[in-house]
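# Coordinate analysis (summary)
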Amino acid sequence: MSVRSPDVVVIGAGAIGAACAYFAALAGCRVTVVDRGAIASGTSSAGEGNLLTSDKSPGPELELALYSQRVWTDALAEHGGLWEFEAKGGLVVASSGGGAAGLRSLVAQQRALGIAVEDVDGERLRDLEPQLGPTITGGAYYPQDAQVQPMLLVAHLLRLARERGARVLTGTEVIGFLRERERVVGVRTSAGDLPAHDVVNAAGAWAGDVARLAGVHVPVLPRRGFVLVTEPLPVTIRHKVYAAEYVGDVASSDAALQCSPVVEGTPAGTVLIGATRERIGFDRTFSVRAAAHLARGALALFPVLEHAKVMRCYLGFRPYCPDHLPIIGPDPRAPGLWHACGHEGAGIGLSAGTGAVVAQALAGVPTTLDLTPFAPERFPEHP
Amino acid sequence: MSSVTITFEGRSLQVRAGQTVAAALAGAGVRSWRTTRHHGRPRGLFCGIGICFDCLVTVDGRPSQRACLVPVRDGMTVDGPEWDTTTDRTRSAPMTETAQVAVVGAGPAGLAAAVHAADGGLSVVLVDAGARPGGQYWRHPDPALGADERAGHHAWPRFTRLRDALDDHVRAGRIRYMSRSEVAVLEPGAPFRLHLTPVTDDAAMPPETVTATDLILCPGGYDRQLPVPGWDLPGVMTAGGVQALVKGTSTVPGRQAVIAGTGPFLLPVAAGLAAAGVRVVAVCEANSPWRWARQAHRAALAPDKGVEALEYAAALARHRIPYRTRTVVTAVLGDQHVEGAILGRVDPAGNVLPGTSREIQADLIAFGWGFTPSLELPLAAGVRTRLDIDGSLVVEVDPGQRTSVPRVRVAGEATGVGGAVLARLEGELAARSLVADLNRKPLRATALRVRIRRLRAFARALHEAHPVPAAWSRWLTADTLICRCEEVPVTAVRYAVDDLDATDARTVRSLTRVGMGWCQGRTCANACARLTADFTHTALTAEALQSTARCNLAAPLDLRRVARLDAQATTPETAP
């Protein structure tokens, strides 16, 4: 190992890559970020910017979410304004008896792990969210659920990393890896070779393709989601409001279309309506079925939106892993290669914790979070 | 001429029947009727043709209606934006119409396409946002206004022949014509499914879907805009919007006007305003007629255009309208509405020559920097596009107006801005090539193709003679708004490029919210792409324009309606 800080190449200028670059640069590494597109041109520009613990069941992902929450409100707190950090709170609501019971048991487990959550019903529910429809009978309120503007997050993390000496090469595609026998010692790009001590694969939904260039398999697949955006409205929706079924959909592995509504207002006055989940590859075709499902779900929560005009509908591809856990850590099959990918729909929220632990691991210090559950080699080599 | 009474913000207004709400308000001297969300800036009529969404009003309790598209009705109440959730709207069962070909747009291209397709024996559905056929070019008043519908028009008999043919085909059931309707969603497939919406909530509900095996898209275009300081003040309009108001509603939106930009379209706008009694104090043409003269040999290929230009020149002389070349409006002056403008002489690149700036008084500024096509539907269909010589994104078509997507044809401005005659001929060619393909016969249209080629060459010469000034961005100040809807200033774009490493228009949009408001960038996306290219020292590319023009919804759609997008619509029993 050289006496200088190791050179790190981060592949992918999305939220995960930007967070890895920022924390690695902060730790004194000399970092180069490469992306074949523009900054945040993949999944990071196609989501709502959720920082949620409410939608996570107990397990390693929740651990990472709780750790990320600490990073957001501690190490990154001073920059929160740059990316419009707002702890607006999440409200999970249920209309059916069964949904309500399921929600209550999840809430009990989450509370035991230290998540701030309050059971709400009737009057309190309407205090929190006056426009909720009459069929909604109960819910749970998560005051710590927050959001950021994901594009600004990426742009500013990269800017802060650049201020600490990082380089960002956009429009630069990784076309292969530099190897010394087994070891990865850099990347080959459309703009030339970049030798590096370590390479971090933060290519999101495209991370599987990047891994393949290094001869290793990581099972990241795209899971498509649509979001509807309404006209700017005077109607106020104060929290992230979503149906209890959402948690089930997030955890599901079904390839078919799933839709559970997530509705929230924005500072621009528009109301965002997510979220569908569908595994049909990188298909950018507009799906009237997905849009209609979203609209019906939103109307069930907020009948008041009936005549709100939808101005835009966009889509993105979540980097999906079959076991719903991200892939974070060194790849023993290709020493020198690291992965930080597969965060599915939670990548913005989990970027802070991911970047922080990856930087620790790269620097060779003990990580705050045990990375074993996220190990790249946990999947069978040949699916 | 009859009149109706409307109530505007509690006060009773007597207005002429047959006008739009926007025209009625403009005629009553109301310059603005809402304020912006962030900075409370006044907004009124700008584009006049349903593109910009600046003129939103609440009509009879229905919010978010474009005042320029709603006809007045006796007893109507009009208010600034409100958001009422209680007013009941007409509900209709989902109906579908089925046809061999759906033609979208009833301007010169779409009208010709629909008529020629029906002539060729095809069943046609014609969908158009306008209240009457003719598009922007043949825009004419509602008969209720009692005005001369031919006023200010060229080739009017050509239009009436097409309209008569349309009427005949409609009576015979060969064309089903849906006016005041927009295609909100184009669902690709075999067949295509178009999801329609009324342009405003007072319009009759069209069938929710149209199913067609073939498409001829003729979406036309609108004025390209270059933001300058003060361009969002009420009293600044697009040249096309002024033209629409004068031709369509016999209303003048001011008393003393400056018309600025580039291209021959400035002339009819000036002549129309002058004929309507407005004092036109200057026509500012950024380019020089000398450039035009260099291309004169190509103009000779379209002699009727030369005659038209001579007529306008005579009209300008008659009304003593100063026509100033190499002159631009670098800023609009005023506080709550337009009070004047700063004019400056420019070099060929558009740099203002030192010592040439001067103020001029006016209460109406009309800007027109050529046109830019509406590409929402062609892009939704997935057709291949390219950058045209005038910096517009246009659709690639073959000599039968076929696009890269099977069974989708495009005609008119969307294939390259070239004027009404070219659009009409392309519409005819699109329909005839479709009929020939369906009959498996070769198309015999040599003469038509020769005329189209000549008009294309003529259009190219015009574009070369009237480029957007390269140095336009130097007229801007840090706080000049680029995006009117989201109120994004130049300085935000500058910051996104310089500090946040945005390298393209799409990234700038996501970081600044340029083009993410009501109009979804129709008004500012072209300018923002130019500005981004300028700031990043790169050339304007087709990719940059594509990345911000692509959208899944081509028109705003009620959430309740979105919820029904996947419904299986029923066929009306009366349909043939």
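Refer to the preceding data block for the structure.
## Let's talk about the overall build of chain B
When you go through chain B residue by residue, the secondary structure sums to 16 helices and 29 strands. Taking 576 residues into account, the globule formula puts the C-alpha radius of gyration at 25 Å, and chain B, at 23 Å, falls close to it. Considering only C-alpha atoms, chain B reaches an extent of 70 × 60 × 55 Å along its principal axes. When burial is assessed residue by residue, chain B has 61% of its 576 residues classed as buried. Of the contacts made within chain B by residues no fewer than 6 positions apart, 64% connect residues no fewer than 24 positions apart. Of the roughly 21600 Å² of accessible surface on chain B, a fraction of 51% belongs to carbon and sulfur atoms. Charge-centre separation for chain B: the mean point of 65 positive side chains lies 6 Å from the mean point of 56 negative side chains.

## Quick look at empty space enclosed by the protein
Tallying each qualifying case throughout the model produces ten cavities of 30 Å³ or more. Around the second largest cavity sit A:Lys309, B:Phe53, B:Ser64, B:Gln65, B:Arg66, B:Glu182, B:Thr197, B:Pro198, B:Val199, B:Thr200, B:Asp201 and B:Pro556, which together line it. Per element, the largest residue contribution to the lining of the second largest cavity is three residues, and it comes from strand β6 (residues 62-66) of chain B. Classifying every residue of the lining of the second largest cavity gives four nonpolar, four polar and four charged.

## Let's talk about the interface of chain B and chain A
Contact with chain B, which involves 41 residues of that partner, is made by 45 residues of chain A. Across the chain B/chain A interface, buried area totals approximately 3900 Å², and carbon plus sulfur atoms make up 60% of it. The tally of links from chain B across to chain A stands at five salt bridges. Put simply, A:Lys309 and B:Asp201 hold a salt bridge, and the shortest N to O gap is 3.3 Å.

## Description of the environment of A:Arg159
Residues and elements named next belong to chain A. Note that Arg159 resides in helix α5 (residues 150-163). On the basis of relative accessible area, Arg159 is assigned to the buried category, the value being 14%. With 137 residues separating them in the primary sequence, Arg159 and Arg296 have C-alpha atoms 40 Å apart.

## Notes on the packing of aromatic side chains
Residue and element names in this part refer to chain A. Counting across every chain of the model gives twelve aromatic pairs over all chains. Between Trp72 and Trp83, the aromatic rings sit 6.4 Å apart at their centres with planes inclined by 75 degrees, giving edge-to-face as the arrangement. In this pair, Trp72 is assigned in helix α2 (residues 60-73) and Trp83 in the loop between α2 and β4 (90-94), connecting sequence segments eleven residues apart. Its relative accessible area of 4% is what places Trp72 among the buried residues.

## Digging into the sheet that holds strand β29 (residues 557-558) of chain B
Taking strand neighbours across the sheet as the criterion, the nine strands line up as β5(A)-β6(A)-β4(A)-β14(A)-β15(A)-β16(A)-β13(A)-β17(A)-β29(B) in an open arrangement whose pairing is mixed. Every other strand in the sheet has two partners, leaving β5 (118-121) of chain A together with β29 of chain B as the edge strands with one partner each. The strands that helix α8 (residues 288-301) of chain A touches are β4, β13 (221-230), β14 (240-243), β15 (258-265) and β16 (271-277) of chain A; relative to β15(A), the one it contacts most, it runs at about 55 degrees.

## Some points on the environment of A:Asp209
Assignment of secondary structure puts A:Asp209 in helix α6 (residues 207-213). Separated by 26 residues in the primary sequence, A:Asp209 and A:Arg183 have C-alpha atoms spaced 19 Å apart.

## Some thoughts on α2(A)
All names here are of chain A. Over its 14 residues, α2 runs 20 Å from end to end, which matches the ideal 20 Å to within 8%, given 1.5 Å per residue. By the criterion of burial, α2 is predominantly enclosed, with ten of the 14 residues buried. Turning to α2, its buried residues number three or more, namely Glu61, Leu62, Leu64, Ala65, Leu66, Tyr67, Ser68, Gln69, Val71 and Trp72. In the core, the buried residues of α2 are packed alongside α1 (15-26), β3 (50-51), α5, β18 (327-330) and α9 (347-363).

## Some words on the state of the cysteines
Here a disulfide denotes a covalent bond joining the sulfur atom of one cysteine to the sulfur atom of another. Residues and elements named next belong to chain B. Scanning the model with the defined rule gives zero disulfides over all chains in all. Lacking any disulfide linkage, Cys68 is separated from the closest cysteine sulfur, that of Cys55, by 3.9 Å. Between Cys218, a cysteine without a disulfide, and Cys551, which holds the nearest cysteine sulfur, the sulfur-to-sulfur distance is 18 Å. Here Cys218 falls in the buried class, since its relative accessible area comes to 6%.

## A closer look at the pattern of salt bridges
Residues and elements named next belong to chain B. In the structure shown here, the tally under the stated rule is 49 salt bridges over all chains. Arg402 is the partner of Asp437 in a salt bridge, and the nearest nitrogen-oxygen pair spans 2.9 Å. Note that Asp437 is positioned in helix α10 (residues 420-438) and Arg402 in the loop between β25 (393-395) and β26 (408-410), a separation of 35 residues in sequence. We classify Asp437 as partly exposed; its relative accessible area is 37%. By relative accessible area, Arg402 is classed as partly exposed at 28%.

## Structural notes on the sheet that holds strand β10 (residues 183-189) of chain A
All names here are of chain A. The sheet built from three strands is open, its strands ordered β9-β10-β11 with antiparallel pairing. Looking at the sheet topology across the chains shown, the edges are occupied by β9 (174-180) and β11 (192-195). Pairs of neighbouring strands in the sheet enclose a mean axial angle of 30 degrees, with direction left out of account. Pairing geometry for β10 and β11, over four bridges, is antiparallel. When the sheet's bridge partners are listed, Gly186 is paired in β11 with Pro195.

Procedures and definitions
Residues numbered from 1 in each chain as written. Chains lettered and ligands numbered in written order. Predicted model: local features only at pLDDT ≥ 70, side-chain atom pairs only at ≥ 80, totals over all residues. Heavy atoms only, no water. Helix = DSSP H or I, 4+ residues; strand = E, 2+ residues; numbered from the N terminus. Rg over C-alpha atoms; globule rule 2.2 N^0.38 Å. Buried < 20%, exposed > 50% of the residue type's maximum accessible area, 1.4 Å probe, protein only. Contact = heavy atoms within 4.5 Å. Areas by Shrake-Rupley, 256 points an atom, 1.4 Å probe, with all protein chains shown as cover. Lys, Arg positive; Asp, Glu negative; His and termini not counted. Charge placed at Lys NZ, Arg CZ, Asp CG, Glu CD. 1 Å grid on protein atoms, 1.4 Å probe; cavity = no way out; pocket = protein on both sides within 12 Å on 5 of 7 lines; lining within 4 Å. Points joined across faces, edges and corners; volume = space filled by probe spheres on them. Nonpolar A, V, L, I, M, F, W, Y, C, P; charged D, E, K, R; others polar. Buried area = accessible area lost by both parts, 1.4 Å probe. Salt bridge = Lys/Arg side-chain N within 4 Å of Asp/Glu carboxyl O. Phe/Tyr/Trp six-rings, centres within 6.5 Å; stacked < 30°, edge-to-face > 60°. Pairing = 2+ DSSP bridges. Axes fitted to C-alpha atoms, helices over the stretch in contact; angles between N-to-C directions. Expected span 1.5 Å × (residues − 1). Disulfide = S-S within 2.5 Å.

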